[in-house]
Every structure is written in structure tokens, then in C-alpha cells.
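Spelled out, the chains give:
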Amino acid sequence: MHETEAAVGAEAACIALYDASDNRLHIKFASGEKSEAVKGVSLAMGQGILGEAAATNSTVRVDAVQEDSRFDGSVDKKTKFATRSILATPIRRRQGLLGVLEVINKRGELVFSESDARLLEILAGQAGIAIENARLLERTLQSDRLSTVGKMASSIIHDFKTPLTVIQGFVDLLGNPNTSEEKRQTYSKLIQDEVKGFLTSAQDMLQYARGETRLSVEEVEIDTWLNSIADVLRMNLTKANIELKTGFEFKGKVWLDQEKMRRVIMNMASNARDAMPDGGTFTISTAQKGNHWQLGLHDTGFGIPVEQRSKIFELFATFGKQNGTGLGLAMVGDIVEGHGGSIRVESCVVGENDNTNSGTSFIISAPISRPGTASGKSSSEAGYRD
Ligand SMILES: Nc1ncnc2c1ncn2[C@@H]1O[C@H](COP(=O)(O)OP(=O)(O)OP(=O)(O)O)[C@@H](O)[C@H]1O
Ligand SMILES: [Mg+2]
């Protein structure tokens with residue numbers, strides 16, 4: 001618009017955009033002395049010279065506005081600007097009217113010429129392309145956002161399916177009159193844990209959507225902690241004809257965010273279950289390597305094809321699953337990284353290296369002590385996402 005002003009030698013310029021929903025022209029951009037006051041002004045089709053250019057779909061040139069009946073002085077009155085001459089031309093694209101480009105007051109007490117009018121028409125063509133591009137970009141960004149939101153929503157549902165199934169199972173057991181008091185206590189505790197996990201997941205999801213994820217690390221007896229997770233998992237996996245094996249070589253305390261690491265294991269187990277539609281074995285193991293502890297998650301499933309192995313940790317990378325969102329391993333990667341750890345995958349599909357057995361192992365390695373410090377006492381927050 002500044003270029004337009006300079007090119008035709010005008011004191012001011014403005015662009016009004018046409019809004020089909022109210023059939024009016026809204027001044028969105030303006031340059032010149034009273035540009036701020038003029039922004040936001042709206043005109044009906046046919047109102048003033050600007051409206052005339054839109055309604056007649058042609059360039060309108062008025063040398064002395066005060067003598068022209070089409071001129072609408074209300075904007076001048078409002079902005080305390082003295083309009084003398086106007087040149088206005090419609091901005092059009094294939095889909096129709098986009099708006100109007102208008103220049104006001106030829107500098108040096110002159111009037112706009114025919115060649116100014118042609119120049120303005122060319123500039124209006126350029127403006128039309130720019131407006132159309134901006135709108136297309138806006139639409140693309142909007143649809144990107146919507147598809148991310150959709151993916152997030154399906155992931156939330158996906159992540160909540162497991163705890164809900166587990167809770168339902170325990171509630172059934174609680175309702176059984178033959179269940180002993182001791183068992184009731186156990187089930188009630190397990191339900192509480194699941195609900196807590198459920199709520200934390202919801203919180204995590206929201207934080208993830210906002211791009212702010214924090215760790216709340218504490219010192220955890222790894223053996224006991226994993227056993228309690230295994231109890232819940234076993235119930236779920238047995239139904240899918242999957243045997244859960246554990247081998248906890250490393251016994252001791254490690255610094256971790258219990259809820260987030262629990263989600264890592266739950267996500268891994270859910271992937272393993274998907275990879276073993278006919279049942280199999282899922283093994284959780286631990287080991288110590290220097291000042292790191294290792295968590296191994298192994299399944300006897302169909303394995304990950306070579307060409308997919310490098311992609312599985314990418315956000316939204318999912319292969320052949322009806323309701324897969326591809327968020328699982330991306331979040332796992334983030335959480336492990338947040339613990340100052342790393343994750344690697346070893347997998348084998350049938351036929352690869354003449355192998356008759358297939359399966360996948362994920363090995364997570366993380367520092368035993370709290371990242372950045374040798375020791376600490378209470379639960380604390382550690383940011384892990386920029
Ligand atoms: N244990 C496994 N065995 C075989 N393939 C796996 C295993 N774990 C992950 N994959 C592959 O990695 C892909 C990405 O996993 P990820 O957990 O990120 O997403 P997803 O499981 O497809 O979706 P969601 O977690 O939302 O259900 C999976 O689609 C699958 O192809
Ligand atoms: Mg998954």
C-alpha cells in the first residue's frame with residue numbers, strides 16, 4: 001500500500017476487504033496521515049466512491065469530490081481529513097470481489113490521471129494475489145491445527161481405554177460378595193492408582209498440547225515400583241493371551257517421575273500387545289551399567305520392518321493400526337530424554353537374517369541419580385522441554 005501511495009503520488013491509501021457475510025466493505029489497511037482513524041470503518045456496497053468501485057466493478061476516478069454526489073463525507077467528518085480527489089479500483093480474483101484499493105489526494109494539488117488509474121489497477125491485481133495467498137496460508141494453518149487437535153483427541157481416548165478397562169475389571173471384583181476384605185483393600189488401592197494415572201495423563205496431554213511438559217522426579221525403589229506396575233499389566237495382558245515375565249536384576253533406588261515413567265511402560269506394553277495379536281510373551285527387565293540403570297521391554301511380536309525402525313519415534317508416525325495416533329513413542333522419547341536418558345530399539349521380523357523368530361526390544365538407559373545433582377531429598381520439578 002505504501003508503494004501504491006508512492007507510485008501514483010497520493011497522500012493516503014487504503015484497502016477495504018469485502019465480507020460476503022454482511023455484504024460490506026471493511027477498511028483493514030490504511031496509510032497516510034489519518035490512517036489509524038480510518039481503519040475499521042465499514043461501508044455498504046455502493047456507498048461512497050469506494051463502495052461505488054465495488055458495486056460497479058470498475059475503477060472510479062473523481063477529481064473534485066465535493067462536487068460529486070457519490071462522495072460520502074462521513075468518513076472525512078469522522079477522521080477530520082479533507083479529501084479532494086479519489087481513485088478507487090476493485091480488487092478481484094477468480095472467486096470474485098476481494099475488496100477495493102483506494103488512493104486519496106494526488107500530491108501537489110493535482111488530480112489523478114488516466115495512467116494513475118491503469119497503474120492502480122495493476123497494483124490491485126498484485127494486492128489480490130497477496131490477499132489470496134494470505135488466506136490460503138491461514139486456511140492451511142487452521143487445518144493443520146485442527147488435524148493436530150483431532151489426533152490429540154484420539155490419543156486421549158486411546159490412552160484412557162486401558163485404565164478404564166482395568167478399573168472396570170477391579171470394580172467387578174469388588175462387587176463380588178466372595179471377595180475377601182484383604183483383596184478389596186488391594187483392588188481399591190489399584191483403582192486409586194489407575195484413577196491417579198488417568199488424571200495425570202489428562203494433565204500431561206493438556207501440558208503437551210500447550211508445549212509445556214515438566215518432570216516431577218523423586219527417589220523410587222525401582223524393584224517395588226516395577227512390581228506394582230507389573231501387577232496391573234499382568235491382568236490386562238493375560239486377557240490378550242500374553243504372558244508377562246519380569247527379571248529385575250537391578251535393585252536399588254533411582255530418580256524418576258513415577259507417573260511419566262509409568263506411562264512409558266504402559267505405552268510400550270500397549271504397542272507390544274498390538275504386535276502380538278495371537279499372544280506371546282512380554283518381558284520387563286532391569287540391569288545396571290555403571291551409573292545408569294537400564295529398563296528392557298521385550299516382546300515376541302511380529303517385529304518392526306527395517307524401513308520403519310528409524311521413524312517410529314517421530315510424532316504421528318504410526319503404521320498399519322486402525323486407531324493409531326503415533327503419539328505413543330514420541331511421548332516416550334520425550335519423557336526418557338527428560339530423565340537425561342536414551343532409548344534404543346532392536347527388532348527382528350520373520351525372515352530377517354534367516355531368523356524364524358520375530359520380536360522387538362526397547363532398551364531405555366537413564367542415570368541412577370537425579371540429572372544434574374548427585375542426590376536430593378524431596379520431590380522436585382525439572383523442566384525438560386524448551
Ligand atoms: N513393540 C512393537 N512391535 C512392533 N511394532 C512396534 C512396536 N512398538 C512400536 N511399533 C511401531 O511403531 C509405530 C509407532 O508407535 P507409537 O506407539 O508411537 O504409535 P502407535 O502405537 O501407532 O499409535 P498409538 O500409540 O497412539 O496407539 C507403531 O505404529 C508400530 O508400527
Ligand atoms: Mg503406541
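Since the model is a prediction, treat every value here as computed from it, not as a measurement.

### Quick look at the nonpolar core
Phase 1 of the analysis: Among the nonpolar cores identified, the biggest contains 44 residues, and Trp225, Leu233, Ile265, Phe282, Ile284 and Trp293 are the most heavily contacted of them.
Phase 2 of the analysis: Sorting elements by how many residues they give to this core places helix H7 (residues 222–239) first, with 8 residues.
Phase 3 of the analysis: In this structure Leu233 touches Leu244, Ile265, Met266, Ala269, Phe282 and Ile284, once residues within four positions along its chain are discounted.
Phase 4 of the analysis: Cys14, Leu25, Ala30 and Val65 belong to the second-largest nonpolar core, a separate cluster that totals 24 residues.

### Quick notes on the pairing of strand E2 (residues 24–31)
Phase 1 of the analysis: As paired elements, strand E1 (residues 10–19) and E2 share 7 bridges and run antiparallel to each other. Looking across to E2, one finds that Ala16 is bridged to Ile27.
Phase 2 of the analysis: Here E1 folds back onto E2, and the loop between the two strands holds 4 residues, one of which, Asn23, carries a positive phi near 55°.

### A look at the site of ligand 1
Phase 1 of the analysis: For ligand 1, the set of nearby residues contains 18 residues, the closest of which are Asp299, Thr318, Lys321, Thr325 and Leu329.
Phase 2 of the analysis: Note that a nitrogen atom of ligand 1 is positioned 2.8 Å from one of the side-chain N or O atoms of Asp299.
Phase 3 of the analysis: Contact distances for ligand 1 include 2.8 Å between an oxygen atom and a backbone N or O atom of Leu329.
Phase 4 of the analysis: Within the complex, 97% of the 600 Å² of free accessible area of ligand 1 lies under protein.

### Some details on the domain arrangement of the protein
Phase 1 of the analysis: Domain boundaries assigned for the protein yield domain 1 (2–141) and domain 2 (213–383).
Phase 2 of the analysis: Put simply, the middle of domain 1 and the middle of domain 2, counted by C-alpha atoms, are 62 Å apart.

### Topic: the sheet that holds strand E12 (residues 342–348)
Phase 1 of the analysis: Read from one edge of the open sheet, 5 strands run E8-E10-E11-E13-E12, paired in mixed fashion. For this open sheet the edge positions go to strand E8 (242–248) and E12, each flanked by a neighbour on one side alone. The sheet shows a mean angle of 15° between the axes of neighbouring strands, taken without regard to direction.
Phase 2 of the analysis: Bridge analysis of strand E11 (residues 292–299) against strand E13 (residues 359–367) gives 8 bridges, and the strand direction is antiparallel. By the bridge assignment, Gln294 is partnered in E13 with Ser365.
Phase 3 of the analysis: Each of E8, strand E10 (280–289) and E11 is contacted by H7, which is oriented at about 170° to E8, the strand it contacts most.

### Quick word on the pairing of strand E5 (residues 86–93)
Phase 1 of the analysis: Of all 8 residues making up E5, 6 are buried, and the element is well covered by its neighbours.
Phase 2 of the analysis: In this sheet, E5 lies alongside strand E4 (residues 60–62) in antiparallel orientation, the contact comprising 3 bridges. Looking at E5, one finds that Arg61 is bridged to Leu87.
Phase 3 of the analysis: Alignment of E5 against strand E6 (residues 96–106), held across 8 bridges, turns out to be antiparallel.

### Description of the packing of helix H8 (residues 258–275) against helix H10 (residues 328–338)
Phase 1 of the analysis: In the contact formed by H8 and H10, the axes pass within 10 Å of each other and the chain directions differ by 145°. The handedness of the crossing between H8 and H10 comes out as left-handed. The segment H8 lies against H10, with Lys260, Met261, Arg263, Val264, Asn267, Met268 and Asn271 engaging Gly328, Leu329, Met331, Val332 and Ile335.
Phase 2 of the analysis: When grouped by side-chain class, the residues that make up the contact of H8 with H10 number 7 nonpolar, 3 polar and 2 charged.

### Quick look at unusual backbone geometry
Phase 1 of the analysis: In this structure, Lys80 takes a positive phi of about 55° despite not being glycine.
Phase 2 of the analysis: Position of Lys80 relative to the elements: it lies in the loop between helix H4 (74–79) and E5.
Phase 3 of the analysis: The backbone of Asn105 shows a phi angle near 55°, a positive value even though the residue is not glycine.
Phase 4 of the analysis: Tracing the chain through its elements places Asn105 in strand E6.
Phase 5 of the analysis: Judged by its relative accessible area of 0%, Asn105 falls in the buried class.

### Describing H8
Phase 1 of the analysis: The end-to-end C-alpha distance of H8 is 26 Å, a good match for the 26 Å that 18 residues give at a rise of 1.5 Å each.
Phase 2 of the analysis: N-cap assignment for H8: the residue whose side-chain oxygen lies 3.2 Å from the backbone N of Glu259 is Asp257.

### Some thoughts on the packing of aromatic side chains
Phase 1 of the analysis: Inspection of the entire model under this criterion finds 2 aromatic pairs.
Phase 2 of the analysis: Consider the rings of Phe313 and Phe362, whose centres lie 6.1 Å apart with planes at 90°: the pair is edge-to-face. Here Phe313 is found in the loop between helix H9 (306–309) and H10, whereas its partner Phe362 is found in strand E13, with 49 residues between them in sequence.
Phase 3 of the analysis: Taking relative accessible area as the criterion, Phe313 reaches 26% and is therefore assigned partly exposed.
Phase 4 of the analysis: Phe362 gets classed as buried once you look at its relative accessible area, which sits at 7%.

### Let's talk about the sheet that holds E6
Phase 1 of the analysis: Read from one edge of the open sheet, 6 strands run E3-E2-E1-E6-E5-E4, paired in antiparallel fashion. Edge positions in the sheet fall to strand E3 (42–44) and E4, since each of these pairs with one other strand and no more. Averaged over all pairs of adjacent strands, the angle between their axes in this sheet comes to 25°, without regard to strand direction.

Conventions used here
- Residues numbered from 1 in each chain as written.
- Chains lettered and ligands numbered in written order.
- Predicted model: local features only at pLDDT ≥ 70, side-chain atom pairs only at ≥ 80, totals over all residues.
- Heavy atoms only, no water.
- Core = buried A, V, L, I, M, F, W, Y, C linked by side-chain atoms within 4.5 Å.
- Buried < 20%, exposed > 50% of the residue type's maximum accessible area, 1.4 Å probe, protein only.
- Helix = DSSP H or I, 4+ residues; strand = E, 2+ residues; numbered from the N terminus.
- Contact = heavy atoms within 4.5 Å.
- Pairing = 2+ DSSP bridges.
- Near = heavy atom within 4 Å.
- Polar contact = N/O pair within 3.5 Å; in protein donor to acceptor, adjacent residues only side chain to side chain.
- Areas by Shrake-Rupley, 256 points an atom, 1.4 Å probe, with all protein chains shown as cover.
- Domains from an automatic or database assignment.
- Axes fitted to C-alpha atoms, helices over the stretch in contact; angles between N-to-C directions.
- Left-handed = near helix turned anticlockwise from the far one by under 90°.
- Nonpolar A, V, L, I, M, F, W, Y, C, P; charged D, E, K, R; others polar.
- Expected span 1.5 Å × (residues − 1).
- Phe/Tyr/Trp six-rings, centres within 6.5 Å; stacked < 30°, edge-to-face > 60°.

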